[in-house]
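# Structural characterization, general
Each chain, written out:
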Amino acid sequence: RILISLATLLVILFVLFLMLEFMPGSPFNDEKLTEAQRVLLYAKYGLDQPFFVRFFNYAANMLKGDFGVSYVINKNFSVTTMIVARLGVTIRIGLQAMILGTVIGLILGIIAAIKHNTWIDTLCSAISIVGVSVPSYVFALALAYFVGFKMGLFPILYNPAMPEKSTVLPTIALSLFTIANIARFTRSEMIEVLNSEYVQLAQSKGIKEWKLIIRHALRNTLIPIITVMGPLLVGLLTGSMVVEKIFSIPGLGSLMVLAIQNNDYNVVIACAFVYSALYVFT
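Since we're looking at a predicted model, the values are computed, not measured. (Residues numbered from 1 in each chain as written. Predicted model: local features only at pLDDT ≥ 70, side-chain atom pairs only at ≥ 80, totals over all residues. Heavy atoms only, no water.)

### Examining the overall build of the chain
- Within the chain, the secondary structure is distributed over 13 helices and zero strands.
- Written out in order from the N terminus, the α and β elements of the chain read α-α-α-α-α-α-α-α-α-α-α-α-α.
- Taking 282 residues into account, the globule formula puts the C-alpha radius of gyration at 19 Å, and the chain, at 24 Å, lies well above it.
- Counting only C-alpha atoms, the chain reaches 85 × 50 × 30 Å along its principal axes.
- In the chain, which comprises 282 residues, the share counted as buried stands at 40%.
- Within the chain, contacts between residues separated by at least 24 positions form 72% of all contacts whose residues are at least 6 apart in sequence.
- Within the chain, one finds 20 positive and 14 negative side-chain charges whose respective centroids are separated by 10 Å. (Helix = DSSP H or I, 4+ residues; strand = E, 2+ residues; numbered from the N terminus. Rg over C-alpha atoms; globule rule 2.2 N^0.38 Å. Buried < 20%, exposed > 50% of the residue type's maximum accessible area, 1.4 Å probe, protein only. Contact = heavy atoms within 4.5 Å. Lys, Arg positive; Asp, Glu negative; His and termini not counted. Charge placed at Lys NZ, Arg CZ, Asp CG, Glu CD.)

### Things to note about the layout of surface pockets
- In this structure, the largest pocket occupies an estimated 480 Å³ of space.
- Ranked by residues supplied to the lining of the largest pocket, first place goes to helix α3 (residues 51-62) with four residues.
- Here the lining of the largest pocket is built from residues that sort into 12 nonpolar, seven polar and three charged. (1 Å grid on protein atoms, 1.4 Å probe; cavity = no way out; pocket = protein on both sides within 12 Å on 5 of 7 lines; lining within 4 Å. Points joined across faces, edges and corners; volume = space filled by probe spheres on them. Nonpolar A, V, L, I, M, F, W, Y, C, P; charged D, E, K, R; others polar.)

### Quick look at helix α12 (residues 252-261)
- Of all 10 residues making up α12, seven are buried, and the element is well covered by its neighbours.
- Within α12, burial applies to Leu252, Gly253, Ser254, Leu255, Met256, Val257 and Ala259.
- The inward-facing, buried residues of α12 abut α4 (79-114), α11 (240-246) and α13 (265-281).
- One or two steps after α12, the chain reaches asparagine 263, where phi turns positive at roughly 55 degrees.

### What about the confidence of the model for the chain?
- Taken as a whole, the chain shows an average pLDDT of 84; of its residues, 99% reach a score of 70 or greater.
- In the model of the chain, helix α9 (residues 197-204) stands out as the element of lowest mean pLDDT, 76, in contrast to helix α1 (residues 2-21), which has the highest, 90. (pLDDT = per-residue confidence, 0-100.)

### Remarks on the nonpolar core
- If you look at the biggest cluster of nonpolar residues, it comprises 34 residues, and the most contacted ones within it are Leu174, Met190, Leu194, Phe247 and Ile249.
- Broken down by secondary-structure element, the contributors of at least two residues to this core are α4, α6 (136-150), α8 (168-194), α9 and α10 (209-238).
- If you look at the next biggest cluster of nonpolar residues, it comprises 33 residues, including Tyr45, Phe51, Leu237 and Ala272. (Core = buried A, V, L, I, M, F, W, Y, C linked by side-chain atoms within 4.5 Å.)

### Let's talk about the packing of α10 against α13
- The interhelical angle for the contact between α10 and α13, taken along N-to-C directions, is 170 degrees, at an axis separation of 9 Å. Viewed along their axes, α10 and α13 adopt a mutual orientation that is roughly antiparallel. Counting all contacts with α10, which are made through Pro231, Val234, Leu237 and Thr238, the residues of α13 involved are Tyr275, Leu278 and Tyr279. (Axes fitted to C-alpha atoms, helices over the stretch in contact; angles between N-to-C directions. Parallel < 35°, antiparallel > 145°, perpendicular 65-115°, else oblique.)

### Describing the side chain of glutamate 244
- Note that glutamate 244 resides in helix α11.
- One buried charged residue, glutamate 244, forms no salt bridge at all, with the nearest opposite charge on arginine 86 at 6.0 Å.
- Among the polar contacts made by the side chain of glutamate 244, one reaches the main-chain amide nitrogen of glycine 253 at a distance of 2.8 Å.
- Not counting residues up to four positions away in its chain, the partners in contact with glutamate 244 are Thr90, Ile249, Gly251, Leu252, Gly253 and Ser254. (Salt bridge = Lys/Arg side-chain N within 4 Å of Asp/Glu carboxyl O. Polar contact = N/O pair within 3.5 Å; in protein donor to acceptor, adjacent residues only side chain to side chain.)

Set out below in structure tokens:
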């Protein structure tokens with residue numbers, strides 16, 4: 001599995017290089033630069049070398065933890081340093097959204113299963129459908145306008161002086177997809193477990209309902225839910241790009257969007273590769 005993972009990451013890196021090769025534009029789009037100056041810049045950064053030479057050089061440097069330097073955003077600044085400085089905020093918001101989404105999703109799923117085929121079950125299912133169907137950036141815009149702007153409860157833009165309050169709105173926006181998925185899985189698994197023979201036997205022994213759910217039903221319900229939590233967590237990290245941009249969060253997602261807009265090749269490849277590595281590792 002480790003060898004397959006390493007091979008997968010190598011293929012991902014190659015595909016990223018290939019995609020950027022066909023990407024229109026250049027890191028040096030400044031109109032003030034002459035053609036001769038562009039040629040010198042390409043030679044300075046090794047961009048005038050053949051594709052495979054550049055790829056293998058980059059892969060070799062990457063194994064040493066060197067993702068190259070930024071061409072546009074922070075000229076000649078280490079991309080590795082840029083990523084390390086921003087990765088913490090992205091992981092923090094992702095973990096917060098995961099914890100919030102899992103807790104609320106479990107509660108909704110358990111309630112829906114216990115109240116199966118009632119209006120409460122229908123309401124919980126409707127919330128799940130909305131959470132899955134509506135993109136997180138739509139929720140982010142709605143929260144920014146109503147909760148941040150109209151009510152003024154939390155800052156709309158990220159404030160380093162108030163990191164806790166600044167991450168509340170993006171955390172809620174990202175967690176809704178997790179809430180919906182966890183609630184759906186919990187409901188379906190809980191209904192199946194509650195109808196199993198060992199739970200019916202426990203009921204016949206007169207065990208209280210809350211003990212039956214927590215000690216017997218929930219334990220077995222959590223097995224498939226834990227399995228899907230890994231991909232959901234990485235989905236939160238990778239899906240935070242637009243949300244980070246909306247709330248001006250200095251995270252990895254907003255850095256990647258900025259790098260794509262400016263054709264900063266090394267930053268784009270490094271950010272995309274880190275996301276891929278997180279996914280494969282999880």
